[in-house]
Amino acid sequence: MTAQDYNFAYLDEQTKRMIRRAILKGVAVPGYQVPFASREMPMPYGWGTGGVQVTAACLTPDDTLKVIDQGADDTTNAVSIRKFFQRTAAVAVTEATAEATIIQTRHRIPEAALTEGQILVYQVPIPEPLRFLEPRETETRKMHELEEYGLMHVKLYEDIARHGHIATAYAYPVKVEGRYVMDPSPIPRFDNPKLSDCPAIQLFGAGREQRIYALPPYTRVVSLDFEDHPFEASKAPHDCDLCGASDSYLDEVITDDEGGRMFVCSDTDFCRGRVAAGHIGRLGAPDLAQEAAE
Amino acid sequence: MTAFDRKLPSPDRPLFQVQGLSKYYGSRIGCADVSFDLYPGEVLGIVGESGSGKSTLLSCLAGHMAPDTGRVIFDTAEGPRDTVTMGEAERRRLARTDWAYVHQNPRDGLRMGVSAGGNVGERLMAVGARHYGNIRDKANDWLGRVEIAADRIDDRPRAFSGGMQQRLQIARNLVTGPRLVFMDEPTGGLDVSVQARLLDLLRGLVREMGLSAIIVTHDLAVVRLLADRLMVMKGGHVVEQGLTDQVLDDPQHAYTQLLVSSVLQV
Amino acid sequence: MIEIRNLSKSFTLHNQGSAVIPVMAGAALTVASGECVGLIGNSGAGKSTLMRMVWGNYLAASGSIRVGEVDVASAEPRQIIRLRRDTLGYVSQFLRVVPRVPTLDVVAEPLLNLGVQADQARNRAAALLSRLNIPERLWSLSPTTFSGGEQQRVNIARGFAHAYPALLLDEPTASLDAANREVVLTLIEEAKARGAAILGIFHDEVARDRVCDRVVDVRAYTPKAA
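Please read these numbers as outputs of a predicted model, since none were measured by experiment.

(A) Inspection of the nonpolar core at higher detail. Formed by 111 residues in total, the largest nonpolar core has its most connected members in F160(C) and I188(C). For this core, the element with the highest residue contribution is helix 5 (residues 150–163) of chain A, accounting for seven residues. When near neighbours in sequence (up to four residues on either side) are disregarded, F160(C) contacts V91(C), R124(C), L128(C), L167(C), L169(C), L187(C), I188(C) and A191(C).

This is the structure in structure tokens:
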């Protein structure tokens, strides 16, 4: 079977229209979880089926697609999804954030500032921010409807009571345009400020849970907190060991059995770009930079 | 005497008025044509055996269930309002500010996975409290008032005894200073000695906070000690109501006479 | 202060063939402020029944019972609740309290219900308990475990904690020794002196003669048919 046996971007046009309607509704009501008829995709739930369906519904033949997983373009999940769309839609792909028109992401927002005209598609495992404290879907819907969000702060209260500070490090809840409380997907809370006032369209797809929600460009997004425990976008207190960046989100990499470790940018495209521009971190090789520059 | 009159709730205007309230389950009667007024500071007991309609009535009063007919009027800050016809958002806001509901089983009224402090703080956060230190201070104060040691504030209710769970539920409900408390068998399932302590606690809180309360129970000893007024239900109907000790000491209706004479004397 | 007119009472026993037992008819009496009236009559003649109708836990069949501004026979429950809080005190023969509540708080409760500060109310309670010779070491214990005489004295202390304008006393000196009996009679005299209207049942004739200004024989109100 060849890729041409599939419709453009795998899904049939009726399905894409259904998803687009959900997306439009999501854009019209920022932060509201729109139910949609999630399809079986040729990959297991938990591998980004929600994001893939949203991407498929947004793609045009002229688009340039970038796919990242935890900031990296070269991990299994990112590679598989990129290949999937290369085969089923034959679109151009890139690893450069600035060149992409659609970026599908799992658990990160790229370091490079996004621009108008770009679409960022998030893969979402559990769209309901209230779920861990209130298991009843009927009740959580009612709470969103009536803006009863005290429970969200109970979660943060519990964090402080137990750890002395808000220990929620990812999927940190936000309030959208002063109305809906939203789960930003499991991005590190370091990325939370980037959600707000972003020039790009941000779309969130949860395949298993059959929900789509959205942030239109320049939406006001506020991370929940307490007056005496304000929100902080934290990261590891290091610079990148490869490119020396002090302001990017870092992954910790264990390098040997004797406690050796290094911190590197989780956004591989951002790191590579800095190295190419001549920035060198603690463990960065100057010749590598040379090579990249040539 | 007049020196302390100002501290007492004004008894001249009903806090809560129930008029012609009925609820049917198909052709079966849940409760039928119930009417009463409750004044500020009053505690009303509702007694009857299982199936008498007292729980259905309480559910309708507290807005957990929609009655088929009748009005349930609460004296809100903006004046008397029918809570049956008001919007759900407003009714639920009432339920977490001016009203409180104490369940028979504390598991139904507590978040078992959340610490004692978080349980007490939830209603505060629900009405907009956003200062962790203040919320915690208030939770601490309330745990003290219901006699739960301060060092248990970060423990989850799972680790508490039944009596402690019930006291925690009461603290969680009263922290926002409600004016009307619904209680469904609040001392049911507790040891007799634990019941006594809880009764004393409730009496003190009712007195200090000027609370009005509606207590559903099948325990006549509990209503004698806690309720000013009593309503006796049978088959969905109110068969008798009046001053608690009058209904218990000089019951007029055949069913009440039977109920009172059936109690074991200790 | 207390004015009873044409009062009648019957019990209907629905579970015993709906037997109707008339127990009182045409009762009438008045008690002025500062006056103590004793009810007499043999056992079962209706002294306690009359007393309970004034207190409001027995319903009157007809007639009126005026205590201050309130007609207990026709008042709403909340009016009676208010009357009992502010105006009308009652020392019954039985102590009915929440178990495990300290004696001091049991006695202070009527004052707390009136909004008196807790320490002030407890001071007053402590003074009464001392006067009635309840040892201080018992004050923090619940009276439910006390002897009959001790319970009786706790009950009296509770009844006299607030200076009610009207008081009902049901056998206040029964089961008391001479010294405590003297204290109770003095308390009654003091209450009269401050203007309280008192209606009492005293089997103790010496006590009755000392504190009562008049007696009313309730046998006059016992229905002839009974």
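Further notes follow.
(B) The arrangement of the chains, seen in detail. Comparison of the two pairs of chains in contact shows the highest number of contacts for chains B and C. These two, chain A and chain C, are apart from each other, with no contact and a minimum C-alpha gap of 34 Å.

(C) Inspection of the pattern of salt bridges at higher detail. For the coordinates displayed, the defined rule picks out 50 salt bridges over all chains. R81(B) serves as the salt-bridge partner of E90(B), at 2.6 Å between the closest nitrogen and oxygen. Since its relative accessible area comes to 28%, R81(B) is described here as partly exposed. Note that R5(C) is salt-bridged to E3(C), the shortest N-O span being 2.8 Å.

(D) A look at the interface of chain B and chain A. Between chain B and chain A, the residue contacts involve 22 residues of the former and 21 residues of the latter. Overall, the association of chain B and chain A removes approximately 1900 Å² of surface from exposure, summing both partners, and the carbon and sulfur fraction of that is 55%. Summed over the shared surface of chain B and chain A, the number is five salt bridges. Note that E148(A) and R96(B) form a salt bridge whose closest N and O atoms lie 2.8 Å from each other. Summed over the shared surface of chain B and chain A, the result is 13 residue pairs in polar contact (both at pLDDT 80 or more). Elements with a contribution of two residues or more to the side of chain B that touches chain A: helix 2 (88–95), helix 4 (116–126) and helix 5 (132–145) of chain B. When residues of the side of chain B that touches chain A are assigned to their parent elements, the largest contribution, five residues, is made by helix 4 of chain B.

(E) Local environment of the sheet that holds strand 4 (residues 62–67) of chain C. Residues and elements named next belong to chain C. Across the sheet, which stays open at both edges, the four strands sit in the order 2-1-4-5 with antiparallel pairing between neighbours. Looking at the sheet topology across the chains shown, the edges are occupied by strand 2 (19–31) and strand 5 (70–71). As defined by bridge partners, strand 1 (residues 2–13) adjoins strand 4 across five bridges and the pair is classed as antiparallel. Bridge pairing in strand 4 links I4 to I65.

(F) Up close: the pairing of strand 1 (residues 16–25) of chain B. All names here are of chain B. Sheet analysis places strand 1 next to strand 2 (residues 28–38), joined by seven bridges and oriented antiparallel. What sits directly across from F16, in strand 2, is L38. As paired strands, strand 1 and strand 4 (residues 69–76) are joined by five bridges and run antiparallel to one another. Looking at the pairing, S22 lines up with T69 of strand 4.

(G) Highlighting the sheet that holds strand 7 (residues 180–184) of chain B. Residue and element names in this part refer to chain B. What the six strands build is an open sheet, ordered 6-7-8-3-9-10; its pairing is mixed. The open sheet has two edge strands with one neighbour each: strand 6 (99–102) and strand 10 (237–243). Within the sheet, the average angular offset between the axes of one strand and its neighbour, ignoring direction, is 15°. With six bridges joining them, strand 9 (residues 229–234) and strand 10 adopt antiparallel strand pairing. Across the sheet, residue L230 finds its bridge partner in strand 10, namely G242.

(H) Region of interest: the interface of chain C and chain B. With 33 residues of chain C at the interface, the matching set in chain B holds 30 residues. At the boundary of chain C and chain B, one finds four salt bridges. K9(C) serves as the salt-bridge partner of D250(B), at 2.4 Å between the closest nitrogen and oxygen. On the surface where chain C and chain B come into contact, there are eleven residue pairs in polar contact (both at pLDDT 80 or more). Among the elements of the structure, strand 1, helix 2 (77–86) and helix 3 (103–113) of chain C are those that each provide at least two residues to the side of chain C that touches chain B. A per-element tally of the side of chain C that touches chain B places helix 2 of chain C first, with eight residues.

(I) Up close: the packing of aromatic side chains. Overall, the coordinates contain 19 aromatic pairs over all chains when judged by the stated rule. Taking the centre distance of 5.2 Å and the plane angle of 40° together, the rings of Y157(A) and Y132(B) count as tilted. Of this pair, Y157(A) sits in helix 5 while Y132(B) sits in helix 5, placing the two residues on different chains. Residues F16(B) and F74(B) carry aromatic rings whose centres are separated by 6.4 Å and whose planes lie at 65° to one another, so their mutual orientation is edge-to-face. Of this pair, F16(B) sits in strand 1 while F74(B) sits in strand 4, placing them 58 residues apart in sequence.

(J) View of empty space enclosed by the protein. Residues and elements named next belong to chain B. In the structure shown here, the tally under the stated rule is two cavities of 30 Å³ or more. As a volume, the second largest cavity reaches approximately 30 Å³. Around the second largest cavity, the lining residues are V102, I170, L174, V181, M183, L202, L205, V206 and L211. When residues of the lining of the second largest cavity are traced back to their parent elements, those giving at least two are helix 6 (162–174), strand 7 and helix 7 (192–209). The leading source of residues in the lining of the second largest cavity is helix 7, at three residues. Its residues assigned to classes, the lining of the second largest cavity shows nine nonpolar, no polar and no charged.

(K) Fine view of the side chain of E122(B). Summarising the element assignment, E122(B) is placed in helix 4. For E122(B), a relative accessible area of 11% gives the class buried. In terms of polar contacts, E122(B) uses its side chain to reach the side chain of R172(B), at 2.9 Å. Apart from the residues within four sequence positions on either side, E122(B) is in contact with L151(A), V154(A), R111(B) and R172(B).

What counts, and at which threshold
All residue numbers here refer to positions counted from 1 along the written sequence of the relevant chain. For this description, chains carry letters from A and ligands carry numbers from 1, given in the order in which they are written. Only residues with pLDDT of 70 or above have their local features reported here, since the model is predicted, and side-chain atom pairs are shown and tallied only from 80 upward, although totals for entire chains, interfaces and linings are computed over all residues. Each side-chain value is derived from all of the structure's non-hydrogen atoms; neither hydrogens nor water enter the calculation. The term nonpolar core refers to a set of buried residues drawn from Ala, Val, Leu, Ile, Met, Phe, Trp, Tyr and Cys, joined through side-chain atoms within 4.5 Å. The rule is simple: take the accessible area with a 1.4 Å probe, protein chains only, and divide by the maximum for that residue type; under 20% is buried, over 50% is exposed, in between is partly exposed. Only DSSP runs of H or I with at least four residues qualify as helices, and only runs of E with at least two residues qualify as strands; both kinds are numbered from the N terminus onward. Contacts are assigned to residue pairs with any non-hydrogen atoms lying within 4.5 Å of each other. Any carboxyl oxygen of Asp or Glu within 4 Å of a side-chain nitrogen of Lys or Arg constitutes a salt bridge here. Computed with a 1.4 Å rolling probe, the buried area is the accessible surface lost when two parts are put together, summed over both parts. Nitrogen and oxygen atoms within 3.5 Å of one another constitute a polar contact, given that in protein one can donate a hydrogen and the other can accept it, and given that sequence-neighbouring residues count only through two side-chain atoms. Note: two strands are recorded as paired if DSSP finds a minimum of 2 bridges between them. Between N-to-C directions, angles span 0 to 180 degrees; the directions come from axes that are lines fitted to C-alpha atoms, helices contributing only their stretch in contact. Only Phe, Tyr and Trp rings take part, Trp by its six-membered ring, and two of them pair if their centres are within 6.5 Å. Stacked means planes under 30 degrees apart, edge-to-face means over 60, and tilted covers everything else. Two kinds of site are reported from a 1 Å grid over the protein atoms alone, namely cavities, where a 1.4 Å probe fits but cannot get out, and pockets, open sets with protein on both sides within 12 Å along at least five of seven lines, and residues are called lining when an atom falls within 4 Å of a point. Grid points are joined across faces, edges and corners, and a volume is the space filled by probe spheres set on the points. Under the scheme applied, nonpolar residues are Ala, Val, Leu, Ile, Met, Phe, Trp, Tyr, Cys and Pro; charged residues are Asp, Glu, Lys and Arg; polar residues are all the others, including Gly.

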